[in-house]
Amino acid sequence: MVCDMSHSVEHVLIVGAGLAGLRTAEELRRAGYEGEITLLGDEDRAPYDRPPLSKQFVRGETDDTALRPSEFFQENRIDLRLGVAATGVDTGARQVTLSDGSTLGYDRLVIATGLRPRRIPSFPQARGVHVLRTHDDAAGLREHLGTAQRAVVIGAGFIGCELTASFRERGVDVVLVEPQPTPLAAALGEQIGALVARMHLEEGVDVRCGVGVESLLTTATDDDSNSVSAQTNTDNSALEDAAVRGVRLSDGSVVEADLVVVGVGSVPVTDWLAGSDIPLAAPADGGGVLTDEVGRTGVDGVWALGDVAAWRLGTGRNRRVEHWTNAGEQAQLLAGALLGVNHPAAVHVPYVWSDQYNVKIQVLGNPGLADEVRIIEDQGRKFLAHLFRAGTLVAVVGAGMTGKVMKMRAQLAGAQPVA
């Protein structure tokens, strides 16, 4: 078998047992790799699907989020090791140090450690304050949602908007707080964000944009003047037994709440790579592991993919793409390149979707590149927008218009003119 380097490939160690890591193991077997595969996960749970966590799972409509049945791993000779994290790597010795003190050697290392949510420093220890990334996060949030009456969602990105919709479907009053001018402004721009805001307003959400959160109010504080600042790294040990009762916003207003969700973005899990020679993008550029267009890091035997990886795109720039479909497409390319299997070149068109209320919002292409947005159709909750850069179509965004969005993939792939 032809391999990426002269070093033989007897053992592939995949660090990160999420979607990207699982897909890599599957693609290696599909490509004919017969050697050892170890899939290492820091959670105790086998690989699961994250998109339902903010929707069907948190609403209590499903408990099944497993990506594969338990017998799948034995049948495919994948050594699944759970509940242990990687804490360091020696690329010269081809060895990873684990949180239990042991080490694990590899011939090829695939980094798929994903993201962890950002937290507001003074918030985490008060009861009723949540983030959402893991299955355990979602389970705790679902339990609290069963008794919640008033919620504040901080951050109107995709996760914040989806949770807002889920909370409203459960009858909870929601205030959605976003420093940008509209929900999803950072991802889709203000024009499309305004259409999304309209949908939430119609559902009774109190949408407050252009304002941030100044402080957290808890049952441990006597009055509003003793609220805990969200802008400093305040010692919040006194809040361990406190419950949230609201937030103060940067405009001075106070919002009562018994549930607060912080959805202010995520950071790539790369701290365990500190001290190694594996190249990382600067935090100002989004961070992550720098790779070429098929996942090579430039360090012998080390690859990366998924949310943690800043792949080189067709534009020549390196950028992380935090989309579910991206993980599978990258896994196919990486596995083929790692094993020396030639795959026909394909033009990658990023795709992401978000289910909010009874509407599927779809994004095809790279909206962040756009300098012009044209609203093609606006039918209330259903809308279609084409996004251009210098007259060339770079993205299509639609709500409730699946067919009209997906038929534009060819034009996006070929940079063809659109009437």
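Residues numbered from 1 in each chain as written. Predicted model: local features only at pLDDT ≥ 70, side-chain atom pairs only at ≥ 80, totals over all residues. Heavy atoms only, no water.

### Notes on the overall build of the protein
Turning to step 1, where the next piece is worked out: Helix and strand counts for the protein come out as 9 helices and 27 strands.
Turning to step 2, where the next piece is worked out: A sequence separation of at least 24 residues applies to 61% of the contacts in the protein between residues at least 6 apart.
Turning to step 3, where the next piece is worked out: Summed over all atoms, the accessible surface of the protein reaches about 18200 Å², with 47% contributed by carbon and sulfur. (Helix = DSSP H or I, 4+ residues; strand = E, 2+ residues; numbered from the N terminus. Contact = heavy atoms within 4.5 Å. Areas by Shrake-Rupley, 256 points an atom, 1.4 Å probe, with all protein chains shown as cover.)

### Quick notes on the sheet that holds strand β1 (residues 11-15)
Turning to step 1, where the next piece is worked out: Within the open sheet, the 5 strands sit side by side as β3-β2-β1-β7-β20. Their pairing is parallel. Lying at the two open borders of the sheet, with one neighbouring strand each, are β3 (78-81) and β20 (302-304). Strand-to-strand, the axes of this sheet are offset by a mean angle of 20°, without reference to chain direction.
Turning to step 2, where the next piece is worked out: Where β1 meets strand β2 (residues 36-40), 5 bridges bridge the pair, whose relative direction is parallel. Bridge assignment links H11 to a residue of β2, and that residue is E36.
Turning to step 3, where the next piece is worked out: Helix α1 (residues 19-30) rests against β1, β2, β3 and β7 (108-111) of the sheet, and its axis sits at about 170° to β2.
Turning to step 4, where the next piece is worked out: Sheet contacts for helix α7 (residues 324-339): β7 and β20; angle to β20, the most-contacted strand, approximately 165°. (Pairing = 2+ DSSP bridges. Axes fitted to C-alpha atoms, helices over the stretch in contact; angles between N-to-C directions.)

### A few points about α7
Turning to step 1, where the next piece is worked out: Taking 1.5 Å of rise per residue, the 16 residues of α7 would be expected to cover 22 Å, and the 24 Å separating its terminal C-alpha atoms lies within 8% of that figure.
Turning to step 2, where the next piece is worked out: In the core, the buried residues of α7 are packed alongside α1, β7, β20, β21 (309-312) and β23 (351-356).
Turning to step 3, where the next piece is worked out: Two residues or fewer past α7, G340 is found with a positive phi of approximately 75°. (Expected span 1.5 Å × (residues − 1).)

### Brief notes about the packing of α1 against α7
Turning to step 1, where the next piece is worked out: Remark: α1 packs on α7, axes separated minimally by 8 Å, with the N-to-C direction vectors making an angle of 40°. As summarised for this structure, α1 and α7 are arranged oblique, according to the angle between their axes. Between α1 and α7 lies a crossing of right-handed hand. Note on element contacts: α7 touches α1 through W324, A327, G328, A331, Q332, L334, A335, L338 and L339, opposite L19, A20, R23, T24, E27 and L28.
Turning to step 2, where the next piece is worked out: For the contact of α1 with α7, a count of residues per class yields 10 nonpolar, 3 polar and 2 charged. (Parallel < 35°, antiparallel > 145°, perpendicular 65-115°, else oblique. Left-handed = near helix turned anticlockwise from the far one by under 90°. Nonpolar A, V, L, I, M, F, W, Y, C, P; charged D, E, K, R; others polar.)

### What to know about the side chain of S354
Turning to step 1, where the next piece is worked out: Looking at where S354 falls in the secondary structure, it is placed in strand β23.
Turning to step 2, where the next piece is worked out: Within the structure, the side chain of S354 is placed 3.0 Å from the side chain of Q356, a separation counted as a polar contact. (Polar contact = N/O pair within 3.5 Å; in protein donor to acceptor, adjacent residues only side chain to side chain.)

### Focus: the nonpolar core
Turning to step 1, where the next piece is worked out: By size, the foremost hydrophobic cluster in this structure holds 51 residues, and its most contacted members are V96, L109, I111 and W272.
Turning to step 2, where the next piece is worked out: Per element, the largest residue contribution to this core is 7 residues, and it comes from α7.
Turning to step 3, where the next piece is worked out: For W272, the residues in contact, after removing those within four places along its chain, are V15, A86, T87, G88, V89, V96, I111 and T113.
Turning to step 4, where the next piece is worked out: With 41 residues, the next largest nonpolar core counts L132, A138, L141 and A385 among its residues. (Core = buried A, V, L, I, M, F, W, Y, C linked by side-chain atoms within 4.5 Å. Buried < 20%, exposed > 50% of the residue type's maximum accessible area, 1.4 Å probe, protein only.)

### Focus on the sheet that holds strand β19 (residues 289-290)
Turning to step 1, where the next piece is worked out: Strand order across the open sheet formed by 3 strands is β19-β21-β22, with mixed pairing between neighbours. For this open sheet the edge positions go to β19 and β22 (318-320), each flanked by a neighbour on one side alone.
Turning to step 2, where the next piece is worked out: In the sheet, β19 pairs with β21 via 2 bridges, with the strands oriented parallel. Bridging from a neighbouring strand, L290 pairs with A310 of β21.

### Overview of helix α4 (residues 158-169)
Turning to step 1, where the next piece is worked out: Between its terminal C-alpha atoms α4 stretches 17 Å, which fits the 16 Å expected from 12 residues at 1.5 Å a residue.
Turning to step 2, where the next piece is worked out: Of the positions making up α4, those classed as buried are G160, C161, E162, L163, T164, A165, S166 and F167.
Turning to step 3, where the next piece is worked out: For α4, the elements touching its buried residues are α3 (135-145), β10 (150-154), β11 (173-178), α6 (190-202), β17 (259-262) and β23.
Turning to step 4, where the next piece is worked out: One or two residues past the end of α4 sits G171, with phi positive at roughly 85°.

### Observations regarding the pattern of salt bridges
Turning to step 1, where the next piece is worked out: Going through the model one piece at a time under the given rule, you end up with 24 salt bridges.
Turning to step 2, where the next piece is worked out: In the salt-bridge network here, residues are joined through shared partners; they are R23, E26 and R68. (Salt bridge = Lys/Arg side-chain N within 4 Å of Asp/Glu carboxyl O.)

### Brief notes about the packing of aromatic side chains
Turning to step 1, where the next piece is worked out: Under the definition given, this model contains 3 aromatic pairs.
Turning to step 2, where the next piece is worked out: Pairing W324 with W353 gives two aromatic rings, centres 5.8 Å apart and planes at 75°, and the pair type is edge-to-face. Taken together, the residues W324 in helix α7 and W353 in strand β23 connect sequence positions 29 residues apart.
Turning to step 3, where the next piece is worked out: On the basis of relative accessible area, W324 is assigned to the partly exposed category, the value being 32%.
Turning to step 4, where the next piece is worked out: With a relative accessible area of 23%, W353 lands in the partly exposed category.
Turning to step 5, where the next piece is worked out: Seen from their ring centres, Y351 and W353 are 6.2 Å apart, and the 25° between their planes marks the pair as stacked.
Turning to step 6, where the next piece is worked out: Residue Y351 is classed as buried on the basis of its relative accessible area of 13%.
Turning to step 7, where the next piece is worked out: Above the plane of the ring of F72 lies R68, whose end atom (NZ or CZ) is 5.7 Å from the centre.
Turning to step 8, where the next piece is worked out: A cation over an aromatic ring shows up here: R374 above the ring of F388, its NZ or CZ 3.8 Å from the ring centre. (Phe/Tyr/Trp six-rings, centres within 6.5 Å; stacked < 30°, edge-to-face > 60°. Lys NZ or Arg CZ within 6 Å of the ring centre and 35° of its normal.)

### Thoughts on unusual backbone geometry
Turning to step 1, where the next piece is worked out: If you check the backbone angles, R77 has positive phi at about 50° while not being a glycine.
Turning to step 2, where the next piece is worked out: Phi at L184 takes a positive value of approximately 60°, unusual for a residue other than glycine.
Turning to step 3, where the next piece is worked out: As for its placement among the helices and strands, L184 is situated in the loop between β11 and α5 (185-188).
Turning to step 4, where the next piece is worked out: With relative accessibility at 3%, the residue L184 sits in the buried group.

All quantities given are derived from atomic positions and should not be read as evidence of function.
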